[in-house]
Amino acid sequence: MTFVISQGCCRDASCVAVCPVQCIRPRPGDPEFETAEQLYIDPAVCIDCGACVEECPVDAIHPDHDLPAELSGYLDVNAAHFASGADYDRIPVRHVRPRLPEAAEELRVAVIGTGPAACYAATELATNRGTHVTVLDRQPAPFGLVRSGVAPDHPRTKLIADRFASVLSRSNVDCYFNVHVGTDVTVAELLEHHHAVIVATGAQDDRRLGIEGEDLPGSHGAKDFVAWYNGHPDHSGDVVDLSGERAVVIGTGNVALDVARILMRDPETLARTDIAEPALQALRDSNIREVVIVGRRGPESIACSAGELEELAKLPGVELTVTCPPEDLEHLDPGDRRFRVLTEAAREPSGGKRIDLRFRSVPEALNGTDRVESITLAGQGELAASLVVRAIGFSSQPLAGLPFNADKGILPNERGRVLEPETGEPVAGVYCTGWVKRGPTGVIGSNKVCAEESVAGLLEDFVSGRLVKPLHTREEFAALMAGRVPGAVGFDGWRRIDETERERGAESGRPRLKIVTKQEMLTVASGR
Ligand SMILES: Cc1cc2nc3c(=O)[nH]c(=O)nc-3n(C[C@H](O)[C@H](O)[C@H](O)COP(=O)(O)OP(=O)(O)OC[C@H]3O[C@@H](n4cnc5c(N)ncnc54)[C@H](O)[C@@H]3O)c2cc1C
Ligand code: SF4
Ligand code: SF4
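Residues numbered from 1 in each chain as written. Chains lettered and ligands numbered in written order. Predicted model: local features only at pLDDT ≥ 70, side-chain atom pairs only at ≥ 80, totals over all residues. Heavy atoms only, no water.

K.L.:
Can you help me understand the UniProt feature "binding site: NADP(+)" (unreviewed entry) in the protein chain in this one?
P.N.:
UniProt tags R296, R297, E308 and G442 as "binding site: NADP(+)" (unreviewed entry). When you line up the elements, E308 lands in helix α12 (residues 306–313). If we skip the residues at most four places from it in the chain, E308 touches Q7, H154, N254, L257, D258 and R261. Note that G442 resides in the loop between α14 (435–438) and α15 (446–463). G442 sits in the partly exposed class, given a relative accessible area of 41%. (UniProt positions renumbered as here; feature names shortened; annotations may be inferred. Helix = DSSP H or I, 4+ residues; strand = E, 2+ residues; numbered from the N terminus. Contact = heavy atoms within 4.5 Å. Buried < 20%, exposed > 50% of the residue type's maximum accessible area, 1.4 Å probe, protein only.)

K.L.:
What should I look at first to understand the UniProt feature "binding site: FAD" (unreviewed entry) in the protein chain in this one?
P.N.:
This chain's UniProt record puts "binding site: FAD" (unreviewed entry) on A117, L145, V181, W435, G442, V443 and I444. A maximum C-alpha distance of 24.9 Å shows the annotated residues, which cover 328 residues in sequence, to be distributed over more than one spot. Among the structural elements, A117 can be located in helix α3 (residues 116–126). The buried category is assigned to A117, whose relative accessible area is 8%. The residues touching A117, leaving out its near neighbours within four places in the chain, are A200, T433, G434, N447 and A451. Of note, V443 is situated in the loop between α14 and α15. Discounting residues that sit within four places of it in the chain, V443 has contacts with C10, R11 and R438.

K.L.:
Would you explain the site of ligand 3 in this entry?
P.N.:
Close to ligand 3 lie 13 residues, the nearest being C9, D12, A13, C15 and C56. Counted by class, the shell around ligand 3 contains 10 nonpolar, one polar and two charged residues. (Near = heavy atom within 4 Å. Nonpolar A, V, L, I, M, F, W, Y, C, P; charged D, E, K, R; others polar.)

K.L.:
I'm lost on the environment of E330 in this one. Help?
P.N.:
Tracing the backbone through its elements, the reader meets E330 in the loop between β13 (319–323) and α13 (337–344). Residue classification places E330 among the exposed residues on the basis of a relative accessible area of 56%. A sequence separation of 39 residues divides E330 from V291, and the C-alpha atoms of the two residues are 25 Å apart.

K.L.:
What am I meant to see in the sheet that holds strand β21 (residues 417–419) here?
P.N.:
Adjacent strands of a sheet form backbone hydrogen bonds with each other and so pair up, either parallel or antiparallel. Read from one edge of the open sheet, seven strands run β7-β6-β5-β8-β22-β21-β20, paired in mixed fashion. Each end of this open sheet is capped by a strand with a single partner; those strands are β7 (173–177) and β20 (413–414). Sheet analysis places strand β5 (residues 107–112) next to strand β8 (residues 196–199), joined by four bridges and oriented parallel. In the strand pairing of β8, A110 is matched with V197. Contacts from α15 reach β5, β8, β21 and β22 (426–432) within the one sheet, and its direction differs from that of β22 by about 145°. (Pairing = 2+ DSSP bridges. Axes fitted to C-alpha atoms, helices over the stretch in contact; angles between N-to-C directions.)

K.L.:
Which parts of the structure should I look at to understand α12?
P.N.:
Three or four residues apart is the spacing at which side chains of an α-helix point the same way, because the helix has 3.6 residues per turn. Counting buried residues along α12, seven of its eight residues qualify, which places the element largely inside the surrounding structure. Buried residues of α12: A306, G307, E308, L309, E310, E311 and L312, and no others. As for α12, its buried residues are in contact with α2 (74–81), α9 (254–264), β12 (290–294), β13, α13 and β14 (354–358).

K.L.:
Please clarify how the state of the cysteines should be interpreted in this entry.
P.N.:
Two cysteines joined by a covalent bond between their sulfur atoms form a disulfide. All told, the structure shown has zero disulfides when counted by the stated rule. Counting only cysteine sulfurs, C304 is the nearest neighbor of C324, a cysteine outside any disulfide, at a range of 14 Å. The exposure class assigned to C324 is buried, which follows from its relative accessible area of 10%. (Disulfide = S-S within 2.5 Å.)

K.L.:
How should I be thinking about the site of ligand 2 in this particular structure?
P.N.:
Around ligand 2 lies a shell of 13 residues, among which C19, C46, C49, G50 and C52 are the nearest. Residue composition of the shell around ligand 2, by class: 11 nonpolar, one polar and one charged.

K.L.:
Where do I start with unusual backbone geometry in this structure?
P.N.:
Most of the time, phi is negative for any residue but glycine, and the peptide bond is trans. Backbone torsion omega between R25 and P26 reads -5°, so that peptide bond is classified as cis. Positive phi outside glycine occurs at A13, with the angle close to 65°. As for its placement among the helices and strands, A13 is situated in the loop between β1 (3–5) and β2 (24–25). Positive phi, close to 50°, is recorded for D59, a residue that is not glycine. Residue placement: D59 occurs in the loop between α1 (51–55) and β4 (61–63).

K.L.:
Can you help me understand the nonpolar core in this one?
P.N.:
Soluble globular proteins tend to bury their nonpolar side chains together. Ranked by size, the top nonpolar core spans 65 residues in total, and within it L125 and L458 carry the most contacts. Looking at this core element by element, the count peaks at eight residues for α3. Here this core spans two domains, and each of domain 1 (3–81) and domain 2 (107–204 + 396–488) adds at least three residues to it. Discounting chain neighbours no more than four positions away, the residues touching L458 are L107, V109, L125, A196, I198, Y431 and L467. In terms of nonpolar packing, the next biggest core, distinct from the first, is built from 48 residues, V226, A279, V322 and F359 among them. (Core = buried A, V, L, I, M, F, W, Y, C linked by side-chain atoms within 4.5 Å. Domains from an automatic or database assignment.)

K.L.:
Explain the sheet that holds strand β10 (residues 219–221) here, please?
P.N.:
A sheet is described by the order of its strands in space; here six strands give the open sequence β10-β18-β11-β12-β14-β13, paired in parallel fashion. If you trace the sheet from one side to the other, it starts and ends with β10 and β13, each paired once. The average undirected angle you get between the axes of adjacent strands in this sheet is 20°. Sheet analysis places strand β11 (residues 246–250) next to strand β18 (residues 387–390), joined by four bridges and oriented parallel. Directly across from A247, in β18, lies its bridge partner L387. Lying on the sheet, α12 is in contact with β12, β13 and β14; it crosses β13 at an angle near 115°.

Okay, here's the thing in structure tokens:
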């Protein structure tokens, strides 16, 4: 017997520390850890102790005899990773959290955001004796893209929110949700009440194509589109027209594939997920029969993970086709699971619902009078489409009072210490982590190592006396916030939203029925 890591692994490496024989690879420090799609278990070394199962926040680890049928291929996927005979050392690695000296004054840190990066940073800080963490988010509901980005038909991935909730509920963590830093409170004010601030605001904007017609109704950025089907309150009123027969998704990364899959998946399957009710109704009424995923380059440059592509190929009732010059498929690496899917996909449609991966296609313009009617692809002419979703990447927004690198779309930083661009010196007390630190790449677990690095720098600066003692107390901060944002939601308020959503969902066999307007969220949070 062996254990198997399956689709959904978010690469946070929680399992690595508990494995007595270190057969879960690559682990942090192994050369391929940064680029690996997931972690794998070496069946020849695993001693079946089961310790890793409990550690996994997204239930991605299964004993081989209990592997769900749809994940059975992962037995080979795990074994194949070790087929090359890579010579891994088996010396256990343990993440030792930096400790504050006994006599140190209480360290107070404000973390802006509650996405994975913020939650990992809060974990790293709050589990350290002698710290107090203030967590702020502009939304009434926490967890960033775990709630508003991860696809509703990937429920196991969302389980990580339970682990994050256990940190935010700690007695040395204060939560202020529905608070926009920059508008309701400034970074300077946070610094007056804390030794340090960690910015973990993610990448909130969709990258633009810069082509004509991009702003026509019917053209959506993927972030907005995904936020719509995930019930993000800023998008609960969005109107998404699915009355046409063809949608075009631009980009070949995982987000593009998520969008295509949600558009084509049977709505009754989605009705068992936490998809937002308005989106579910729209998808039930949808006329879309074909989604064309457009990539600029050839199939060798496809940006998605193998797991996502395999899932697309297995979507019930939907055919996956590939459109590209035949010679493009001849030289693909047969050892790469993605290329196996591409070469096995049909070249000619059979007439049913389909998703077409169309390579070497460069969008030139979106056309239409009042709304999108077609897309022009360079050298290929017009393709009729009533919906176009641009999934070509994201960029962060500047935060008032802090430097910003507009070219890279991130805060200028060195290992998480925010830098003054003119001098290259650290901005006293200001750190960053997650997508706003390194750009919009990596999965949920990638933010763990990233946050650990930023917090390590912060603790080092605190211990060496480089952080300024706050001018005001915790109580004074609470009073400031009570005056500024009477509708701020604390952790108890979020708990009320969470319980209400779960109760409403249980009535219809769903994990939760999301509350999609800010007003209702605030009412439920207030307990009135
Ligand atoms: C559509 C989509 C699907 C994805 N699916 C997966 C998946 O299935 N599995 C996986 O492992 N990874 C997935 N990822 C990647 C993963 O979500 C990211 O790695 C991760 O969310 C980045 O974390 P973050 O904390 O930097 O940003 P975010 O998760 O975006 O969190 C940023 C937080 O900051 C808050 N904020 C922003 N500005 C302010 C402000 N001024 N004041 C207060 N709060 C503010 C936001 O409200 C938000 O809560 C997906 C990404 C996207 C875009
Ligand atoms: S079952 Fe035990 S030995 Fe096998 S991978 Fe998990 S922790 Fe390691
Ligand atoms: S999600 Fe984390 S704990 Fe689970 S298998 Fe992947 S790396 Fe291990």
